[in-house]
Amino acid sequence: MTNKEEIFGLIKDKVVEVLPFLDSTLITPESSLRDFGANSIDRMEILLETMEALNAKVPMTEFGKITNIQGIVDLLYEKLHEG
Amino acid sequence: MKDKSCVVVTGMGVVSSIGRDLIEFTASLYRGTSGIGFLPSALSDGVDAKIGATLQDFSLDAALLQRYAVPDSLAHATLQCANRMPLGVQAAVAASLQAWLQAGGPEWNIDRRRVGVIVGGSNISPRLPYELNEKFRQAPTYLNPRYAYQYLDTLQVGVLSEILGTRGEGFTVGGASASGNVAIIKARQAINSGDLDACVVVGAMADLSPMELQSFFNIGALAGKRFRDQPEKACRPFDTQHEGFVYGQAAGCLVLESLESAERRQVEPLAEIAGAAFLMDANHLPDPSEEGEAMAMSSALRQAGIGPERVDYLNAHGTASPLGDATEIKAIKQVFAEKAEKLWVNSTKGLTGHCLYSAGVVEAVATVVQMREGFLHPNRNLDEPIERVCRFCSTESEATQAEIAMSNSFGFGGINTSIVLSKGVR
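Small disclaimer: the values here were computed from a predicted structure and weren't measured.

Conventions used here
Residues numbered from 1 in each chain as written. Chains lettered and ligands numbered in written order. Predicted model: local features only at pLDDT ≥ 70, side-chain atom pairs only at ≥ 80, totals over all residues. Heavy atoms only, no water. Helix = DSSP H or I, 4+ residues; strand = E, 2+ residues; numbered from the N terminus. Expected span 1.5 Å × (residues − 1). Buried < 20%, exposed > 50% of the residue type's maximum accessible area, 1.4 Å probe, protein only. pLDDT = per-residue confidence, 0-100. Domains from an automatic or database assignment. Buried area = accessible area lost by both parts, 1.4 Å probe. Salt bridge = Lys/Arg side-chain N within 4 Å of Asp/Glu carboxyl O. Polar contact = N/O pair within 3.5 Å; in protein donor to acceptor, adjacent residues only side chain to side chain. Nonpolar A, V, L, I, M, F, W, Y, C, P; charged D, E, K, R; others polar. Core = buried A, V, L, I, M, F, W, Y, C linked by side-chain atoms within 4.5 Å. Contact = heavy atoms within 4.5 Å. Axes fitted to C-alpha atoms, helices over the stretch in contact; angles between N-to-C directions. Parallel < 35°, antiparallel > 145°, perpendicular 65-115°, else oblique. Left-handed = near helix turned anticlockwise from the far one by under 90°. Pairing = 2+ DSSP bridges.

Visitor: Explain helix 9 (residues 179-192) of chain B to me, using residue names and the numbers behind them.
Guide: All names here are of chain B. Between its first and last C-alpha, helix 9 extends 20 Å over 14 residues, near the 20 Å set by a 1.5 Å rise per residue. In terms of residue burial, helix 9 counts as a mostly covered element, since 11 of its 14 residues are buried. Among the residues of helix 9, those classed as buried are Ser179, Gly180, Asn181, Val182, Ala183, Ile184, Ile185, Ala187, Arg188, Ala190 and Ile191. Gly194 sits one or two positions beyond helix 9 and adopts a positive phi of about 95 degrees.

Visitor: Describe the confidence of the model for chain B, and please don't skip the residues or the numbers.
Guide: Taken residue by residue, chain B gives an average pLDDT of 96. The fraction at 70 or more is 99%. If you check the scores for this complex, the pTM reads 0.96 and the ipTM reads 0.92.

Visitor: Talk me through the domain arrangement of chain B; I want residue IDs and the actual numbers.
Guide: Residues and elements named next belong to chain B. Domain parsing of chain B yields domain 1 (7-271) and domain 2 (277-422). The C-alpha-based centres of domain 1 and domain 2 are spaced at 21 Å. In this assembly, domain 1 packs against domain 2 so that about 4,900 Å² is buried in total across both faces, 68% of it on carbon and sulfur atoms. Of all residues in domain 1, the largest losses of buried area upon contact with domain 2 belong to Leu29, Ser177 and Phe238, amounting jointly to 17% of the total for that side. On inspection of domain 1 and its partner domain 2, the count reaches two salt bridges. Measuring nitrogen to oxygen at the nearest pair gives 3.7 Å for the salt bridge that ties Arg372 to Glu268. Between the two partners, domain 1 and domain 2, sit 27 residue pairs in polar contact (both at pLDDT 80 or more). Of all the elements in the fold, those that place two or more residues in the side of domain 1 that touches domain 2 are strand 1 (7-16), helix 1 (22-31), helix 9, strand 6 (198-203), helix 11 (231-234), strand 7 (247-248) and strand 8 (250-258). Of all the elements, helix 9 adds the most residues to the side of domain 1 that touches domain 2, at eight residues. Here the residues of the side of domain 1 that touches domain 2 are counted per class, giving 37 nonpolar, 24 polar and nine charged.

Visitor: Report on the nonpolar core, specifying residues and quantitative values.
Guide: Residues and elements named next belong to chain B. Core analysis: the biggest nonpolar cluster contains 58 residues, and Val93, Ile163 and Tyr247 have the highest contact counts within it. Residue assignment for this core shows that the elements contributing at least two residues are helix 3 (62-67), helix 4 (72-82), helix 5 (87-102), strand 4 (115-120), helix 8 (155-164), strand 6, helix 10 (210-218) and strand 8. If we ignore the near neighbours within four places in the chain, the residues touching Val93 are Leu60, Thr78, Ala82, Val159, Leu160 and Ile163. Of all hydrophobic cores here, the second largest spans 49 residues; its members include Ile18, Leu22, Val369 and Phe375.

Visitor: How would you summarise the packing of helix 4 of chain B against helix 5 of chain B if you had to cite specific residues and measurements?
Guide: Residue and element names in this part refer to chain B. Direction vectors running N to C along helix 4 and helix 5 enclose 160 degrees, while the axes themselves pass 11 Å from each other. Accordingly, the angle class assigned to the pair helix 4 and helix 5 is roughly antiparallel. Two packed elements cross with a definite hand, and for helix 4 against helix 5 that hand is right-handed. Touching Leu74, Thr78 and Ala82 of helix 4 are Gln90, Val93, Leu97, Trp100 and Leu101, all from helix 5. Taken together, the residues of the contact of helix 4 with helix 5 break down into six nonpolar, two polar and no charged.

Visitor: Could you give me a rundown of the sheet that holds strand 7 of chain B, with the residues and numbers involved?
Guide: Residue and element names in this part refer to chain B. Spatially, three strands are ordered 2-3-7 in an open sheet, and the strand pairing comes out mixed. Of all strands in the sheet, those with a lone pairing partner are strand 2 (37-38) and strand 7, marking the two edges. As defined by bridge partners, strand 3 (residues 51-53) adjoins strand 7 across two bridges and the pair is classed as parallel. Paired with Gly52 across the two strands is Tyr247, which belongs to strand 7.

Visitor: Could you give an account of the sheet that holds strand 15 (residues 404-411) of chain B, with specific residues and numbers?
Guide: The strands making up a sheet associate through hydrogen bonds between their backbones, and the pairing can be parallel or antiparallel. Residue and element names in this part refer to chain B. Taken in spatial order, the 11 strands make up an open sheet running 5-4-6-8-1-9-16-15-10-11-13, and their pairing is mixed. Looking at strand neighbours, the two that pair on one side only are strand 5 (170-173) and strand 13 (391-392), the edges of this open sheet. With nine bridges joining them, strand 1 and strand 8 adopt antiparallel strand pairing. Note that in strand 8 the partner of Val8 across the bridge is Glu257. Contacts from helix 9 reach strand 1, strand 4, strand 5, strand 6, strand 8, strand 9 (271-280), strand 15 and strand 16 (415-422) within the one sheet, and its direction differs from that of strand 9 by about 115 degrees.

Visitor: Can you explain the side chain of Ser407 of chain B? Please cite residues and give values.
Guide: Looking at the secondary structure, you find Ser407 of chain B in strand 15. Contact partners of Ser407 of chain B, with chain neighbours within four places excluded, come to Asn181, Leu314, Asn315, Glu363, Ala364, Thr367, Thr417, Ser418, Ile419 and Leu421 of chain B.

Visitor: Now, about the interface of chain B and chain A: what can you tell me, with residues and values included?
Guide: Where interface size is given, it is often the accessible area lost as the parts come together that is meant. With 12 residues of chain B at the contact, the number on the chain A side is 15 residues. Both faces combined, the contact of chain B with chain A buries some 1,200 Å², and carbon together with sulfur accounts for 58% of it. Taken as a group, Arg84, Tyr142 and Pro145 of chain B account for 49% of the area that chain B buries against chain A, more than any other trio of residues on that side. The interface formed by chain B and chain A includes four salt bridges. Here Glu45 of chain A makes a salt bridge to Arg84 of chain B, at a shortest N to O gap of 3.1 Å. Where chain B meets chain A, there are seven residue pairs in polar contact (both at pLDDT 80 or more).

What follows is the structure, encoded as structure tokens:
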């Protein structure tokens, strides 16, 4: 089973891919995609590609209230481990 | 006295299989270098089309922008906006930046609401859905959200407007293989009408998938049968052994501007678009029309106020399709009559392949380059002309000072266009 660290690593890889001019050392669990200047389509692409890599399907609306990358990690982890 | 409302070229750019910038493109034209080879496997695997002139290894990166001497802030904005865009968009941006810089764009003291962007081409990127299709059928949920705007042809308009900061009208025009000329004609009209002072005119790279290539093969339009193993010999405009066109990838750009605006900015015009015509021949099929082609050429000359005897050079549509070449020759005979004997004719497609949507713009760039540099490029592979009615350039460059030139583009579906270019502003 994928652990939270691995999920974070995946998200980080996708952020670097989508925002190639970003200093990757800034990507921490506490940071938010918006902080990096990611627009709504950038954010959606990062989320969809991470979900694809995890073979997870989470409705986009569930990410709505999440404020940082840790929140994304937690939600994906929870979905992967529920049943 | 010069007519201040006339429309001139103040910038040019090109990205093609024979040159990533104007200098390389010019040298290739002069030498008659061919960009034609075997298609990469991503385009040719499993289909019958094997030959093409592609933008191998092209990408819009910092090194390329440095080569174009793009100022740092503009280079940064360009990479931010376009670095992950489809190949065709990157090629359009690269061609446009060259033209924009040559026209002095970054320093323009001009109302940006009076600068437009017109992109020639429709169904520009069928390769995009083609490549996503298999994965989409298996898992639609994971479709890349960018597809929602990247499949639209107008993506190129938006990207260019964002990078160049233009605020005037921006749109795409479709005219099949004549799209480039159609874009030039529409930009000229917008400037003539007074709606724009200047316009960035782009010939979009036709980003075809194996499906379009196979369809061209199936209607018998593609070369590469007799010369299947010798791609450099496959494209033979006006030669008795011609057998169809070779797919070419390229993007081209012209900055068109009113003479008044160019003079106000103290920029030297590179050429004038002296006349242009766009006429249908009332036929939806791919076959060419002698009547339609002759009408387009005559109308463009009439509009320019130039008699056929004054045209030094014709950049032919010349795709190397047997019927297309023969039809164009008949139309030339009709328009130029005995004057055709002195008319120099070549086809840039013999070097670049048929660049489809961008052909008109790429060939207008080639025409202006040749007029300004005093040569006419070789007709590659023209060993035995189908007719000797006009003065075909040989397989070597000709040192010739062409003052007045014409460039033809014809498209499937009865589309006939012709533009007349003058080296000096009349």
